[in-house]
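As a plain string of letters, each chain reads:
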Amino acid sequence: APQKTWSLFEYPVQSFSVEMPAKPREKKDVVTEEGKIVYDWQAIDIKEQVFYGMSVSTMKEGMYDAGDDSSYFVAIKEKLKESFEEVAVLDSSFITVGTYPGYRLTVAGKTEGEQLETRILAVSRGGISYYLYAVSGPGENGKRTAERFLNSFKLLPFKYPEWKTVTAPD
């Protein structure tokens, strides 16, 4: 089979880039959580049997997320463990991406009778939270492409809006 082409996708509004072998479908949610805008992207690599996903939560202007990073990251692990049968945490570590706190996690388990591995990269960047994941069957091909996806994640500089002059009404 011909070699698959990976493409770089840049998202300047959310200030990140990532490589994927397929163009992801995008969804934007401004209603579900008060004060947040949530962007989701998903794609599937049928040949390698890997499902890729990204979720980025941005706080609305004037708001901030006062949550504790380490508690947020541990909650991700616990919630993921609940979704599997015969679950095993293969890897779990606190990391930094740039100067921001992050978390990497690999969990294996059964769901609907299928053995799957889920790899996660979560990064907290002030008012923006990044959550990337790749789900595959066990094996080297899925692991290799999932790791390539997660390792390609890069933070871009914030795109600040232009300043404008505002005059008081009085």
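Just above sits the structure.
Okay, so let's go over this structure. (Residues numbered from 1 in each chain as written. Predicted model: local features only at pLDDT ≥ 70, side-chain atom pairs only at ≥ 80, totals over all residues. Heavy atoms only, no water.)

## Topic: the overall build of the protein chain
In step 1: Along its length, the protein chain carries two helices and 10 strands.
In step 2: Along the protein chain, helices (α) and strands (β) appear in the sequence β-β-β-β-β-α-β-β-β-β-α-β when read from the amino end.
In step 3: Principal-axis analysis of the C-alpha atoms places the extent of the protein chain at approximately 70 × 40 × 30 Å.
In step 4: Restricting to contacts in the protein chain with at least 6 residues of sequence separation, those with at least 24 account for 47%.
In step 5: For the protein chain, the accessible area works out to roughly 10,700 Å², and carbon and sulfur atoms hold 52% of it. (Helix = DSSP H or I, 4+ residues; strand = E, 2+ residues; numbered from the N terminus. Contact = heavy atoms within 4.5 Å. Areas by Shrake-Rupley, 256 points an atom, 1.4 Å probe, with all protein chains shown as cover.)

## Thoughts on the pattern of salt bridges
In step 1: Applying the stated criterion across every chain, the model contains five salt bridges.
In step 2: Put simply, glutamate 19 and arginine 148 hold a salt bridge, and the shortest N to O gap is 3.3 Å. In this pair, glutamate 19 sits in strand S2 (residues 16-20) while arginine 148 sits in helix H2 (residues 140-151), placing the two residues 129 residues apart along the sequence.
In step 3: The exposure class of arginine 148 is partly exposed, given its relative accessible area of 38%.
In step 4: We note a salt bridge from glutamate 147 to arginine 104, for which the minimum N-O separation is 2.6 Å. Pair noted here: glutamate 147 is in helix H2 and arginine 104 is in strand S7 (residues 100-111), with a separation of 43 residues, a long-range link. (Salt bridge = Lys/Arg side-chain N within 4 Å of Asp/Glu carboxyl O. Buried < 20%, exposed > 50% of the residue type's maximum accessible area, 1.4 Å probe, protein only.)

## A closer look at helix H1 (residues 69-82)
Every α-helix carries 3.6 residues per turn, so stepping three or four residues along brings you back to the same face.
In step 1: Taking 1.5 Å of rise per residue, the 14 residues of H1 would be expected to cover 20 Å, and the 20 Å separating its terminal C-alpha atoms lies within 8% of that figure.
In step 2: Inspection of H1 places Phe73, Ile76 and Leu80 among the buried residues, and these make up the whole buried set. The buried residues of H1 occupy one face: seen down the axis, they fall within an arc of 50°. Away from its buried face, by an angle of more than 90 degrees, H1 presents the exposed residues Lys79 and Glu82.
In step 3: Lining the buried residues of H1 we find strand S6 (85-97), S7, strand S8 (114-125) and strand S9 (128-136). (Expected span 1.5 Å × (residues − 1). Arc of directions from axis to C-beta.)

## A word on the pairing of strand S4 (residues 36-45)
In step 1: The element S4 is largely enclosed, with a buried count of seven among its 10 residues.
In step 2: Summarising the sheet, strand S3 (residues 25-29) and S4 pair through five bridges and their orientation is antiparallel. Bridged to lysine 27 within S4 is aspartate 40.
In step 3: Taken together, S3 and the strand that follows it, S4, pair antiparallel across an intervening segment of six residues, in which glycine 35 is found at a positive phi of about 85°.
In step 4: Two strands pair when backbone bridges link them, and S4 and strand S5 (residues 50-59) are joined in this way by 10 bridges, in the antiparallel orientation. Bridging across to S5, isoleucine 37 finds its partner in threonine 58.
In step 5: Connecting S4 to the next strand, S5, in antiparallel fashion are four residues, including glutamine 49 with a positive phi near 60°. (Pairing = 2+ DSSP bridges.)

## Some remarks on the sheet that holds S3
In step 1: Ordered by their spatial adjacency, seven strands build an open sheet running S3-S4-S5-S9-S8-S7-S6, and the pairing between neighbours is antiparallel. With partners counted over all chains shown, the strands left at the sheet margins are S3 and S6, one partner each. In this sheet, adjacent strand axes meet at a mean angle of 15° when their direction is disregarded.
In step 2: Set on the sheet, H1 makes contact with S6, S7, S8 and S9; between it and S7 the angle comes to about 10°.
In step 3: Contacts between H2 and the sheet are confined to S5, S7, S8 and S9, with S9 contributing the most and set at about 165° to the helix. (Axes fitted to C-alpha atoms, helices over the stretch in contact; angles between N-to-C directions.)

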